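# Tertiary structure, described
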Amino acid sequence: MKTLPAAIILEKNKIATKSAWLILAEITFNDISSTVVRLARNNEDVTFESNTYTAFPFEIDTINFEKGKIPSIVFKVSNITRLIQTYLESTNGAVGSTVRLIVVNSDNLAADLSDLELTYEVVDSSADVQWISLTLGMPSPFNKRFPLYKYVANHCNWVAQFKGVECQYAGAETTCNGTLTRCRELSNSEHFGGFIGLGKGGIKFV
């Protein structure tokens, strides 16, 4: 059950008030540096959790419950200045990025409103001269690779991310062909990402 601070509940129930309910958006792009853009649907900047949310036009559509599809919501950001479009062009349309939507009260910015926060993943995007439209929701399970890895006897699954987290090679060499022989030459066979127990002949279904 969602809970809210007493001061917020009292503010919500007032017939008239000088405070305003604001929507903040925090977009974390899936680029190398995980660039974060913070926007406020307001006529002036908002400081929340020690971060500045820049006043910027954006709109949030109602949730789409179209039959046979995963529920989604369209988050539209003004594209007049082309500010956000720059990030879309460098991150494959921002697909895989996250958008955090936050509701705050202008007179109670220090209140704990975590129950009014929602975080979505960008599953699609489009842009025209007026708006950038980010479709938010859950990624379709049908677009996920299954099984996650290829089960090959003498080929390393980590070769595409040579020196990455799984590979863990930290030497001076800059190339790898993904074979166990090469992995042994680099003294890194303990991190080999192949399945040598499968043997080299035939097809295995796991």
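See the structure printed just above.
To keep things clear, this report deals only with the structure shown in the data block. (Residues numbered from 1 in each chain as written. Predicted model: local features only at pLDDT ≥ 70, side-chain atom pairs only at ≥ 80, totals over all residues. Heavy atoms only, no water.)

## Re the overall build of the protein chain
Assigned secondary structure in the protein chain consists of three helices and nine strands. For the protein chain, the N- to C-terminal ordering of α and β elements is α-β-β-β-β-β-β-α-β-β-β-α. For the protein chain, with 206 residues in total, the buried portion stands at 30%. Within the structure as shown, the protein chain displays about 13,400 Å² of accessible surface, and the carbon and sulfur contribution to it stands at 55%. (Helix = DSSP H or I, 4+ residues; strand = E, 2+ residues; numbered from the N terminus. Buried < 20%, exposed > 50% of the residue type's maximum accessible area, 1.4 Å probe, protein only. Areas by Shrake-Rupley, 256 points an atom, 1.4 Å probe, with all protein chains shown as cover.)

## Some details on the side chain of Ser78
The topology assignment puts Ser78 in strand β6 (residues 72-78). If we skip the residues at most four places from it in the chain, Ser78 touches Phe56, Pro57, Gln130 and Trp131. (Contact = heavy atoms within 4.5 Å.)

## Considerations on the sheet that holds strand β8 (residues 118-127)
Spatial strand order, β3-β4-β2-β1-β7-β8-β9-β6-β5: nine strands in an open sheet with mixed pairing. Taken across any chain shown, the strands that pair with only one partner, and hence form the sheet edges, are β3 (46-48) and β5 (58-60). Averaged over all pairs of adjacent strands, the angle between their axes in this sheet comes to 35°, without regard to strand direction. Sheet topology places β3 next to strand β4 (residues 51-55); three bridges connect them, and they run antiparallel. Its bridge partner lying in β4, Thr47 is registered against Thr52. The strands that helix α2 (residues 83-90) touches are β2 (36-40), β6, β8 and β9 (131-137); relative to β9, the one it contacts most, it runs at about 55°. (Pairing = 2+ DSSP bridges. Axes fitted to C-alpha atoms, helices over the stretch in contact; angles between N-to-C directions.)

## Observations regarding empty space enclosed by the protein
Tallying each qualifying case throughout the model produces one cavity of 30 Å³ or more. Together, 13 residues line the largest cavity, and Cys156, Phe162, Cys167, Cys176 and Cys183 are the ones closest to its centre. Of the residues assigned to the lining of the largest cavity, the class counts are nine nonpolar, four polar and no charged. (1 Å grid on protein atoms, 1.4 Å probe; cavity = no way out; pocket = protein on both sides within 12 Å on 5 of 7 lines; lining within 4 Å. Points joined across faces, edges and corners; volume = space filled by probe spheres on them. Nonpolar A, V, L, I, M, F, W, Y, C, P; charged D, E, K, R; others polar.)

## A word on the pattern of salt bridges
All chains considered together, the criterion is met by seven salt bridges. Where Glu26 meets Arg38, a salt bridge forms, and the shortest distance between an N and an O atom there is 3.1 Å. Separated by twelve residues along the polypeptide, Glu26 in strand β1 (residues 21-28) and Arg38 in strand β2 bring together distant segments of the chain. Among the ionic pairs, Arg100 bridges to Glu117, the shortest N-O distance being 3.0 Å. Here the residue Arg100 occupies a position in strand β7 (residues 98-105), and Glu117 occupies one in the loop between β7 and β8, the gap between them amounting to 17 residues. Overall, Arg100 belongs to the buried group, its relative accessible area being 16%. Owing to a relative accessible area of 21%, Glu117 belongs among the partly exposed residues under this scheme. (Salt bridge = Lys/Arg side-chain N within 4 Å of Asp/Glu carboxyl O.)

## A word on the packing of aromatic side chains
This structure, assessed with the given rule, holds four aromatic pairs. Ring geometry for Phe29 against Tyr87: centres 4.9 Å apart, planes inclined by 20°, an arrangement best described as stacked. Taken together, the residues span a long stretch of sequence, with Phe29 in the loop between β1 and β2 and Tyr87 in helix α2 at a distance of 58 residues. When its relative accessible area of 1% is taken as the criterion, Phe29 is described as buried. (Phe/Tyr/Trp six-rings, centres within 6.5 Å; stacked < 30°, edge-to-face > 60°.)

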